[in-house]
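Examination of the molecular architecture
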Amino acid sequence: MSEPLSTDVLIVGGGVAGLWLNARLRRLGYSTLLIDKGVLGGGQSVKSQGIIHGGTKYALSGALTGASEAIADMPRRWSEALAGSGELDLTGVRLLSDAHYLWSPGTLTGNLTSFFASKAVRSRVGQVKGSELPPALQDPHFKGKVYRLSELVLDVPSLIHRLVELAGSGLLVADKIEPLQESGELVGLIVDGRAVRAQRIIFTAGAGNAELLSGLGLAQPAMQKRPLHMVIVKAATLKPLYAHCLGGGSKPRLTVTSHPAADGEWIWYLGGDLAEASGVARDEAAQIAAAKKELGELVPWIDLSDAQWATLRIDRAEPAQSAQARPDNAFLAEQGRLLVGWPTKLALSPDFADRIENALTRDGISPQQHPPLPELPRPAVTGPFWEGLLP
């Protein structure tokens, strides 16, 4: 058996939430060790569209909801971090767009008119025209309306790489994770035969949390999965677009983000209603056909005859909710030294870290002295979401 290790906080799960938390705790003076069974950022994180929501899309039903209020401060916090003046120093992370847009292909009617008229929304949204339109919509045939949101879109692979830098030497790849118990209490984990003791153990492994909990003989907190079937399209004719296209319902008809490929072309990543239940039910060919039809109706001036297409299935892992509803906030459950959580969306990673920090402060968990970590086998870091899916 390898020499035992000790640390203040042992984190299992190296997506953006775990890596952000790890960097926050290290900045506060805690010693940390982050363990991952796979590739850092390679689960839900890299498959995210990278939008740092301010919650406006959740108000499409005509009123600001709990979700929109909870998430409203996230763009500011991320912006400060990207500028190097926030809770983390994320300078060097690539900002794909300093705004996201709401795009109505026709005239706004009914509850959307009242939505844009409400004072709470007016402060976050402004209409753009002409040369201010996103490049992909600057076409004489475009007849819709576009509203600019103060929301960011990040290049998620560069975010992951920066958070990995901030982790320093405190990363460990794992194959087998078992509980380390004393007198019936969880005091750490046994990682590939090596005991790792910690004041607190935190599971932030997304869909992996269920397996980790099962390994400890725990059924709570329960997890739900909400699947998506995203579409990827790459073409020399595409120009940047970061927008929710509004449909008739309370969810965007289509959510588009744009990502630069190594050859200089743009990749559009398509979510929204297209990727939800009806999209999940379709096979890859049918989902691509549905996406072609949508883009043919919404941006008919873009020639996609030579485009390359692929789809990507995602399971959003979250705490179980009644009727599989979407959680409004980051989630944290506690049991002794064990904390288990889900940020529920990329943008809420700072909120998740707040909850952990508050729990540590409440319980009087302060940084202790630990021997320096030896050189450890590190997990690999993910590539972009389209890697291996497009030629």
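Residues numbered from 1 in each chain as written. Predicted model: local features only at pLDDT ≥ 70, side-chain atom pairs only at ≥ 80, totals over all residues. Heavy atoms only, no water.

1. Some words on helix 10 (residues 284-298)
This is how the line gets drawn: Here a helix means four or more residues in a row that DSSP labels H or I, a strand means two or more in a row labelled E, and each is numbered from the N terminus. Expected helix span is given by 1.5 Å per residue-to-residue step, counting one fewer step than there are residues. Here's how the labels work: a residue is buried when its accessible area is under 20% of the maximum for its type, exposed when over 50%, partly exposed in between, all with a 1.4 Å probe on protein chains only. Comment: arc refers to directions from the helix axis out to C-beta atoms. For the purposes of these results, a polar contact is taken to be a pair of N or O atoms within 3.5 Å, where, inside protein, one atom must be able to donate a hydrogen and its partner to accept one; residues adjacent in sequence count only when each atom of the pair is a side-chain atom.
The terminal C-alpha atoms of helix 10, which comprises 15 residues, lie 21 Å apart, in line with the 21 Å expected from a rise of 1.5 Å per residue. Gln287, Ile288, Ala290, Ala291, Glu294, Leu295 and Leu298 are the residues of helix 10 that are buried. Along the long axis of helix 10, the arc covered by the buried residues comes to 160°, so they all point the same way. Exposed side chains of helix 10 directed beyond 90 degrees from the buried face belong to Ala285 and Lys293. One side-chain oxygen of the residue at the start of helix 10 lies 3.3 Å from the amide nitrogen of alanine 285, identifying that residue as aspartate 283.

2. Section: the nonpolar core
Keep this limit in mind: We call a set of buried Ala, Val, Leu, Ile, Met, Phe, Trp, Tyr and Cys residues a nonpolar core when their side-chain atoms join them within 4.5 Å. Residue contacts are defined here by distance: any two heavy atoms, one from each residue, within 4.5 Å place the two residues in contact.
Ranked by size, the top nonpolar core spans 44 residues in total, and within it Leu21, Ile52, Trp78, Leu90, Leu159 and Ile356 carry the most contacts. At seven residues, helix 1 (residues 16-27) tops the list of elements feeding residues into this core. Setting aside residues up to four positions removed in sequence, leucine 90 forms contacts with Trp20, Trp78, Ala81, Leu82, Leu159, Arg162, Leu163 and Leu166. Formed by 31 residues, the second largest nonpolar core is a distinct cluster that contains Leu238, Cys245, Leu270 and Leu298.

3. Looking at helix 7 (residues 156-166)
Buried residues dominate helix 7, accounting for eight of its eleven residues. Three or more residues of helix 7 are buried, namely Val156, Pro157, Ser158, Leu159, Ile160, Arg162, Leu163 and Val164. Looking at the buried positions of helix 7, the neighbouring elements they touch are helix 1, helix 2 (44-47), helix 4 (74-82), strand 8 (152-154) and strand 9 (171-173). Glycine 168 occupies a position one or two residues after helix 7 and carries a positive phi of about 55°.

4. Digging into the packing of helix 4 against helix 11 (residues 349-362)
Packed helix pairs are characterised by how far apart their axes lie and by the angle those axes make with each other. We count it as follows: Angular values range over 0 to 180 degrees, each being the angle between N-to-C directions of two axes fitted as lines to C-alpha atoms, with helices fitted over their stretch in contact. The cut-offs work like this: below 35 degrees is roughly parallel, past 145 is roughly antiparallel, 65 to 115 is roughly perpendicular, and the gaps in between are oblique. The residue classification treats Ala, Val, Leu, Ile, Met, Phe, Trp, Tyr, Cys and Pro as nonpolar and Asp, Glu, Lys and Arg as charged. All others, Gly included, are polar.
Orientation of helix 4 relative to helix 11, taken along the N-to-C sense of each, is 90°, at an axis distance of 9 Å. For the element pair helix 4 / helix 11, the angle class is roughly perpendicular. Residues Met74, Arg77 and Trp78 of helix 4 lie in contact with helix 11, whose contacting residues are Ser349, Pro350, Asp351 and Asp354. Looking at the contact of helix 4 with helix 11 residue by residue, the class counts come to three nonpolar, one polar and three charged.

5. So, the environment of leucine 186
One can find leucine 186 in strand 11 (residues 185-191). For leucine 186, a relative accessible area of 12% puts it in the buried group. When the C-alpha atoms of leucine 186 and glycine 336 are compared, they prove to be 7.7 Å apart, with 150 residues separating the residues in sequence. Apart from residues lying up to four places away in sequence, leucine 186 is in contact with Pro179, Leu180, Gln181, Ile201, Leu216, Arg337 and Leu338.

6. A short note on the sheet that holds strand 3 (residues 51-52)
Going by this rule: A strand pair is defined by DSSP finding two or more bridges across the two strands.
Reading across the sheet, the three strands line up as 3-8-4 and stay open at both edges, with antiparallel pairing between neighbours. The open sheet terminates on both sides in strands that have one partner only, identified here as strand 3 and strand 4 (95-97). Here helix 4 sits on the sheet and contacts strand 3, strand 4 and strand 8; the angle it forms with strand 8, its principal contact strand, is near 50°.

7. Observations concerning the sheet that holds strand 15 (residues 252-260)
Taken in spatial order, the eight strands line up as 6-7-5-14-15-16-13-17 in an open sheet, and their pairing is mixed. The open sheet has two free edges, formed respectively by strand 6 (125-128) and strand 17 (308-319), since each of these has just one partner strand. Put simply, the sheet's adjacent strands are angled 25° from each other on average, direction ignored. The pairing of strand 13 (residues 223-235) with strand 16 (residues 266-271) spans five bridges and is classified as antiparallel. The residue of strand 16 that forms the bridge with lysine 234 is isoleucine 267. The strands touched by helix 10 are strand 5 (100-104), strand 13, strand 14 (243-246), strand 15, strand 16 and strand 17; relative to strand 17, the strand with the most contacts, the crossing angle is about 105°.

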